[in-house]
Amino acid sequence: MDEVIGLFPTPFMRVERLLDRTLIDALLRQFRTAAKNTNAKSNLLVHTELLVPESEELLLQASKRIAPKLVAFGEHLFGEALAWSIKEMWVNILETGGHQSLHNHANSFISGVLYLTPSHPSATTVFAKSPGGSEFIFNNTNTNATMGPFNAGKFIMPEAAPGDMVLFPSYLLHEVPVNRGAQRISIAFNAIPDALDSWGYTVRFSK
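What counts as what
- Each chain carries its own residue numbering, running from 1 in the written order of its sequence.
- Local features are withheld for residues below a pLDDT of 70 in this predicted model, meaning they are given only at 70 or higher, and side-chain atom pairs are given and counted only at 80 or more; totals for whole chains, interfaces and linings count all residues.
- Water and hydrogen atoms play no part in the side-chain values, which are based on all heavy atoms of the structure.
- Only the six-membered ring of Trp is used, alongside the rings of Phe and Tyr, when aromatic pairs are assigned; centres must lie within 6.5 Å, and planes under 30 degrees apart are stacked while those over 60 apart are edge-to-face, with the rest tilted.
- Secondary structure elements are defined from DSSP: runs of H or I of at least 4 residues count as helices, runs of E of at least 2 residues count as strands, and each element is numbered from the N terminus.
- Only protein chains enter the accessibility calculation, which uses a 1.4 Å probe; a residue is then buried when its area is under 20% of its type maximum, exposed when over 50%, and partly exposed in between.
- When checking whether two residues touch, look at their non-hydrogen atoms; a contact exists if any pair is within 4.5 Å.
- We call two strands paired when DSSP finds no fewer than two bridges between them.
- How far a helix is expected to stretch is found by multiplying one less than its residue total by 1.5 Å.
- The seven residues ending at a residue and the seven starting there each receive a fitted axis; the angle between those axes is the bend at that residue.
- Working definition of a nonpolar core: buried Ala, Val, Leu, Ile, Met, Phe, Trp, Tyr and Cys residues. They are joined through side-chain atoms within 4.5 Å.
- Axis geometry follows a simple rule: fit a line to the C-alpha atoms, using only the stretch in contact for helices, then measure angles between N-to-C directions, giving values from 0 to 180 degrees.

> Give me the packing of aromatic side chains: which residues, what numbers.
Counted by the stated rule, this structure contains seven aromatic pairs. Consider the rings of Phe12 and Phe127, whose centres lie 5.0 Å apart with planes at 75 degrees: the pair is edge-to-face. Note that Phe12 is positioned in the segment before strand S1 (13-15) and Phe127 in strand S7 (residues 126-128), a separation of 115 residues in sequence. According to the relative accessible area criterion, Phe12 is partly exposed, its value standing at 28%. Judged by centre distance (5.5 Å) and plane angle (70 degrees), the rings of Phe12 and Phe155 are edge-to-face. Taken together, the positions of Phe12 in the segment before S1 and Phe155 in strand S8 (residues 154-156) put the pair 143 residues apart, joining distant regions of the chain. Phe155 gets classed as partly exposed once you look at its relative accessible area, which sits at 38%.

Shown next, in the form of structure tokens:
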């Protein structure tokens, strides 16, 4: 019997309805007008300053709901239930016509996004395969080719509802195409484990 095995896949976690309506509404009331920093690539995207969960009661409430999901996702990355902490969070407000350029997150291991408002289908988060690497340097992309997990260059995330969350390795490239819909508000964050141990060669991390 033939068998195709996905070697070394990239984990991606989608959590539906992590936040309830009460917390979502409270976060929107507090942060809808708090984002003042204009994105370098799009003046229709603004961010808050980097925040630590302990600095805001509502973010602390959200982080407590995120915490067990970080542990579960971290087990896929490192094979062990480690102690995780969120080292920074920030709110993104994307207006009609704005976009987020392709990027990844440095100095962290797990990154995530909490969605506070609906996202227009045009502004669904898109994840991209890194250029180069160990794959073949030739591509076969045409009308006859079927794209799948082994040959596609991009993954368009399923539509996210308010309260949904996604977690992914921080090195994974992602972007938000031009928003053709209404204002889109989300909270992004980065997380680190307390330590990683490779047969006694231990590296410890602090916020």
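Once the structure has been displayed, the description carries forward.
> How would you summarise unusual backbone geometry if you had to cite specific residues and measurements?
Although it is not a glycine, Phe8 adopts a positive phi angle of roughly 50 degrees. Tracing the sequence through the fold places Phe8 in the segment before S1. Phe8 sits in the exposed class, given a relative accessible area of 78%.

> Give a description of the environment of Leu28 that names residues and reports values.
Checked against the element boundaries, Leu28 lands in helix H1 (residues 21-31). Between the alpha carbons of Leu28 and Ser119 there is a distance of 15 Å; along the sequence they are 91 residues apart. Discounting chain neighbours no more than four positions away, the residues touching Leu28 are Arg21, Leu116, Thr117 and Ile185.

> Could you give me a rundown of the sheet that holds strand S11 (residues 184-193), with the residues and numbers involved?
What links the strands of a sheet is backbone hydrogen bonding, and the strands pair in either a parallel or an antiparallel sense. Pairing in this open sheet of seven strands is antiparallel, and the strands run S1-S9-S6-S11-S4-S3-S2 from one edge to the other. Strands with a single pairing partner mark the edges of an open sheet, and in this sheet they are S1 and strand S2 (37-38). Pairing geometry for S1 and strand S9 (residues 165-169), over three bridges, is antiparallel. Bridging from a neighbouring strand, Arg14 pairs with Val166 of S9.

> Lay out helix H2 (residues 57-78) with the relevant residues and their values.
An ideal rise of 1.5 Å per residue puts 32 Å on 22 residues; H2 measures up with 30 Å between its terminal C-alpha atoms. Along H2, the sharpest kink reaches roughly 35 degrees, centred on Ile66 and followed within four residues by the proline Pro68. For H2, every residue scored as buried is listed here: Leu58, Leu59, Ala62, Ser63, Ile66, Leu70, Phe73 and Gly74. Looking at the residues trailing H2, positive phi occurs at Gly79, about 75 degrees.

> Got a sec to walk through the nonpolar core? Specific residues and values, please.
Formed by 34 residues in total, the largest nonpolar core has its most connected members in Leu19, Leu27, Ile66, Leu70, Leu114 and Phe189. For Leu19, the residues in contact, after removing those within four places along its chain, are Ile24, Leu27, Ala62, Arg65, Leu114, Leu116 and Gly163. Tyr115, Phe127, Ala160 and Leu172 belong to the second largest nonpolar core, which has eight residues in total.

> Kindly report on the pairing of S9, identifying the contributing residues and their values.
Counting buried residues along S9, five of its five residues qualify, which places the element largely inside the surrounding structure. Burial along S9 is two-sided: the face carrying Met165, Leu167 and Pro169 and the face carrying Val166 and Phe168 are both buried. In this structure, strand S6 (residues 110-115) lies alongside S9, joined through five bridges in antiparallel fashion. Looking at S9, one finds that Ser111 is bridged to Phe168.

> Account for the sheet that holds strand S10 (residues 173-176), naming residues and giving values.
Taken in spatial order, the four strands of this open sheet run S5-S10-S7-S8, and their pairing is antiparallel. The sheet is open, and its two edges are formed by strand S5 (100-103) and S8, each paired on a single side. Each strand axis lies, on average, 20 degrees off the axis of its neighbour in the sheet, ignoring direction. Of the strand pairs in this sheet, S7 and S8 are connected by three bridges, and their pairing is antiparallel. Paired with Phe127 across the two strands is Phe155, which belongs to S8.

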